[in-house]
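What follows is the residue order along each chain.
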Amino acid sequence: MEEISSLKEEKDSVTLILTGDLTKNFSITAESILKSLKGKKQFILKNDNISNWDQTSIITLYNCLKYFLGYVDIKLQNLPEGMECLLSLALQIHPKKENSPTQKQDFLEHFGSWGIFITQRIKFGLDFLKQVLATWGHQITGTAVYRKKDFWLALEDCGPRAIMIVSLISFMVGLILAFVGAIQLKTFGAQIYVASLVTIGMMRIMGAVMTGIIMAGRTGASYAATIGTMQVNEELDALQTMGIPKPDFLVLPRMNAILLSMPILVLISDFMGIIGGCFVCVFLWDIPLSEYIRYSTMAFSIENFLVGIFHGLVFGFVITLCGCYFGINCGRNADSVGKATTNSVVYAIVWMIIMTGIITLICEGLGI
Amino acid sequence: MTNNSPIIISVKDLNIGYEGHAVMKHLSFEIKKGDIFIIMGGSGCGKSTLLRTMTGLLPALSGHIIVNGIDMVTASEEKKKYLVTQCGILYQSGALFSSMNLFENVALPLQQYTSYSSEKIREIVEFKLALVGLAGFEKFYPSEISGGMRKRAGLARALALDPEILYFDEPSAGLDPVSSKHLDDLILEINKSLDTTIIVVTHELPSLFAIGKNSIFLDNKIKTFSAKGNPKELLKNPPNERVLAFLTRGVSDETRAK
């Protein structure tokens, strides 16, 4: 087999002689070159009748040369034209060194920076909350800057357009509630109380929670995506340089729209859930419709209903807050819009659950 | 004319950048009223960061930006907001509000800052759109018009309040040579007829030679400016190699190859 390449050591230089067909059997390692280069100043690449070469051979060469680029003078001696051109292009700039090698943080350090991060985020969140609450002040004093059209568009989106999906999901939830409840109650022969179960369950909490989750996924996500895209498109910068406050212009119409539509949606959701329960009872468990209605109206209480509506209002607030917060704090590329949308939904749902807990505790305290 | 004009913006020892790491240091320059001032430099050298700092979108790390006698860096939020409304900005992509049509876009600052009647606003908006060659496009949404038109509509919005200072972020980016020339002509005409001070961030050579009356060259190697003056003068008497290389696309600079 013919010799492909060889290293030749001289007084203060090393020469790599390239011969023959480099596309076959050409292999050279950085270690072997580095070993021979110890104490030398110059590295010469010499052409000795190269018959054939390709990009792969150049890649191999570059990956050996990049280690001592800048430390040793590299000279290319009458290499084939294309090869010399490619190599000198690749070698013109020293590979960028990593600025600071990432040190592994120990546990305490990690914990500390996590704590700082969290407190910072809480501060940002509270600042935003304050700004949003202030927008209502601006509205009352008539200094708020927003377009009425935006409000109507937002209202249309989170009102009439959400009714179908909210109705469908609530109907299903009522159905499931009745079905699961009935199996248990049947063992006591107390099937008829399914009506009370569904009515109280939907009214007090399930209607609001289901509406909240649907609206978080539907409207909250759309708020985050819309505002995030505005950030990418420099529209938020334009707002700022026009001196238009972002919370007023972006959050206020959306917040008002969702707060207006949430009670109605919760009401629809309650109603549809009860119909869902009725459906199971009448068609599956042979409870007469009149009985279902009677027990249902007996279980109805205005307190439960109002607590449900209150939940809905709080959820609407949380959803808009999360959607707008993550939208406004979105980065400047497509990926961050996706992240903002995900975050808005996740945080909205988490906060809804937390708020449910808090409201339940308060109601417990008040004896409602 | 420009020699005797008062100074409208004066930047003193300004450091710009993002939390902790400065992109450009010790920037000092003055912009006279009625100037067309070019901020030039290679890609990624901090031109846009400088523009964002000057327009108040980004806090300065240190130094002073004095606009009409008020220091942007130390001014209160209220004053800053006032200053910001005194200038119009044309963003790289136009930054039109995508949920509004062109009429609503241009009308927004007018509704916000003037007490004109809606009839008067309509007249102004139609005039501004006609100025940039978009008469009759009031009902179009930004997504329905071309990139060049979007830029011109952005310019109409920036002009809405007759600002004293107009900023342009890479006006010719993404435009064909002819559209880019039209935009340059428009910039010159606005400057001449309204005596607006214009500040342009660009690295397009034809454009900066055509419109530039004064300029600053940002050098990312030394992290500060390395030349200022009229771009044509700079080309005749380049103060250093990198300016020459930039202004001649590196043609006359043989040393870079090594």
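Source: prediction; values computed, not measured.

On to the overall build of chain A. Secondary structure summary: chain A contains 12 helices and 4 strands in total. Taking 2.2 N^0.38 as the reference for a compact globule, 368 residues should give roughly 21 Å; the C-alpha atoms of chain A span a radius of gyration of 35 Å, well beyond that estimate. Here the C-alpha coordinates of chain A stretch approximately 105 × 60 × 45 Å along the principal axes. Looking at the 368 residues of chain A, the share that counts as buried comes to 44%. In chain A, once contacts between residues fewer than 6 apart in sequence are set aside, the share between residues at least 24 apart is 81%. Total accessible area computed for chain A in this model is approximately 20000 Å², and 65% of it derives from carbon and sulfur atoms.

Attention shifts here to the nonpolar core. Judged by nonpolar contacts, the single largest core of 107 residues is most densely connected at Ile9, Phe29, Ile39, Leu50, Met54, Tyr167 and Ile199 of chain B. Not counting chain neighbours up to four residues away, the residues in contact with Ile9 of chain B comprise Phe29, Glu30, Ile31, Met54, Ile65, Ile66, Val67, Ile165, Tyr167 and Ile199 of chain B.

Residue and element names in this part refer to chain B. Taking strand neighbours across the sheet as the criterion, the 4 strands line up as S2-S1-S4-S5 in an open arrangement whose pairing is antiparallel. Across the chains shown, the open sheet's two edge strands, defined by having one partner strand only, are strand S2 (21-32) and strand S5 (70-71). Of the pairings in the sheet, the one linking strand S1 (residues 7-18) to strand S4 (residues 62-67) comprises 5 bridges and is antiparallel in character. Following the sheet pairing, Ile9 is matched in S4 by Val67.

Let's shift gears to the interface of chain A and chain B. In this complex, chain A contributes 17 residues to the contact, which on the side of chain B involves 25 residues. Buried surface at the junction of chain A and chain B, summed over both partners, amounts to about 1800 Å²; 53% is from carbon and sulfur atoms. Among the residues of chain A in contact with chain B, Glu234, Thr241 and Met242 of chain A are the three that bury the most area, contributing 33% of the side total. The interface formed by chain A and chain B includes 3 salt bridges. The interface formed by chain A and chain B includes 10 residue pairs in polar contact (both at pLDDT 80 or more). With 6 residues, helix H8 (residues 235-241) of chain A is the single largest residue contributor to the side of chain A that touches chain B. For the side of chain A that touches chain B, the class distribution of residues is 7 nonpolar, 4 polar and 6 charged.

A separate point is the side chain of Lys151 of chain B. Residues and elements named next belong to chain B. Note that Lys151 resides in helix H5 (residues 147-159). Although Lys151 is buried, it makes no salt bridge; Glu170 carries the closest opposite charge, 7.5 Å away. A distance of 3.3 Å separates a polar atom in the side chain of Lys151 from the backbone oxygen of Gln92. Other than its neighbours up to four places away in sequence, Lys151 contacts Leu90, Gln92, Glu170, Pro171, Ser172, Ala173, Leu175 and Leu183.

If you check helix H9 (residues 246-283) of chain A, its first and last C-alpha atoms are 53 Å apart, about what 38 residues at 1.5 Å a residue would give, namely 56 Å. Along its length, H9 of chain A shows its largest kink, about 35 degrees, at Leu252 of chain A, and proline Pro253 of chain A lies within four residues downstream of that point.

Sheet strands pair via backbone hydrogen bonds, and the direction of the pair is either parallel or antiparallel. Residue and element names in this part refer to chain A. Within the open sheet, the 4 strands sit side by side as S1-S2-S3-S4. Their pairing is mixed. The open sheet has two edge strands, strand S1 (5-9) and strand S4 (73-77), and neither has a second partner. Across the sheet, the mean angle from the axis of one strand to that of its neighbour is 20 degrees, orientation sign disregarded. Inspection of the sheet shows S1 paired to strand S2 (residues 13-21) by 5 bridges, in the antiparallel sense. Looking at S2, one finds that Lys8 is bridged to Thr15. The strands touched by helix H2 (residues 55-65) within the sheet are S2, strand S3 (42-52) and S4, with S3 carrying the most contacts at an inclination of about 170 degrees.

Residues and elements named next belong to chain B. Here chain B shows a mean pLDDT of 86. Residues at 70 or above account for 96%. Between the elements of chain B, mean pLDDT differs from a low of 79, seen in helix H2 (residues 77-85), to a high of 93, seen in strand S8 (residues 197-201). At the level of chain-chain contacts, confidence expressed as ipTM amounts to 0.81, with global pTM at 0.80.

Let's shift gears to helix H11 (residues 302-328) of chain A. Spacing of three or four residues puts side chains on the same side of an α-helix, whose turn is 3.6 residues. In this model H11 of chain A runs 39 Å from its N-terminal to its C-terminal C-alpha over 27 residues, within 8% of the 39 Å that 1.5 Å per residue would give. When you tally the buried positions in H11 of chain A, you get 22 out of 27 residues, the bulk of the element.

Residues and elements named next belong to chain A. Within the secondary structure, Lys8 sits in strand S1. Taking the relative accessible area as the measure of exposure, Lys8 reaches 40% and is therefore partly exposed. Those residues in contact with Lys8, other than ones at most four positions away along the chain, are Ser13, Val14, Thr15 and Ile17.

Looking now at the pattern of salt bridges. Scanning the model with the defined rule gives 16 salt bridges over all chains in all. The shortest N-O distance in the salt bridge between Glu156 of chain A and Arg161 of chain A comes to 3.0 Å. Residue classification places Glu156 of chain A among the partly exposed positions, given a relative accessible area of 36%. Given a relative accessible area of 51%, Arg161 of chain A falls into the exposed group. Across the pair Arg332 of chain A and Asp237 of chain A runs a salt bridge, and its minimum N-O distance is 3.1 Å. Taken together, the residues Arg332 of chain A in the loop between H11 and helix H12 (334-366) and Asp237 of chain A in helix H8 connect sequence positions 95 residues apart. Given a relative accessible area of 40%, Arg332 of chain A falls into the partly exposed group. What emerges from the salt-bridge pattern is a single network uniting Arg147, Lys149 and Asp150 of chain A together with Glu104 of chain B.

The rules behind these values
Residues numbered from 1 in each chain as written. Chains lettered and ligands numbered in written order. Predicted model: local features only at pLDDT ≥ 70, side-chain atom pairs only at ≥ 80, totals over all residues. Heavy atoms only, no water. Helix = DSSP H or I, 4+ residues; strand = E, 2+ residues; numbered from the N terminus. Rg over C-alpha atoms; globule rule 2.2 N^0.38 Å. Buried < 20%, exposed > 50% of the residue type's maximum accessible area, 1.4 Å probe, protein only. Contact = heavy atoms within 4.5 Å. Areas by Shrake-Rupley, 256 points an atom, 1.4 Å probe, with all protein chains shown as cover. Core = buried A, V, L, I, M, F, W, Y, C linked by side-chain atoms within 4.5 Å. Pairing = 2+ DSSP bridges. Buried area = accessible area lost by both parts, 1.4 Å probe. Salt bridge = Lys/Arg side-chain N within 4 Å of Asp/Glu carboxyl O. Polar contact = N/O pair within 3.5 Å; in protein donor to acceptor, adjacent residues only side chain to side chain. Nonpolar A, V, L, I, M, F, W, Y, C, P; charged D, E, K, R; others polar. Lys, Arg positive; Asp, Glu negative; His and termini not counted. Expected span 1.5 Å × (residues − 1). Bend = angle between axes of the 7 residues up to and from the residue. Axes fitted to C-alpha atoms, helices over the stretch in contact; angles between N-to-C directions. pLDDT = per-residue confidence, 0-100.

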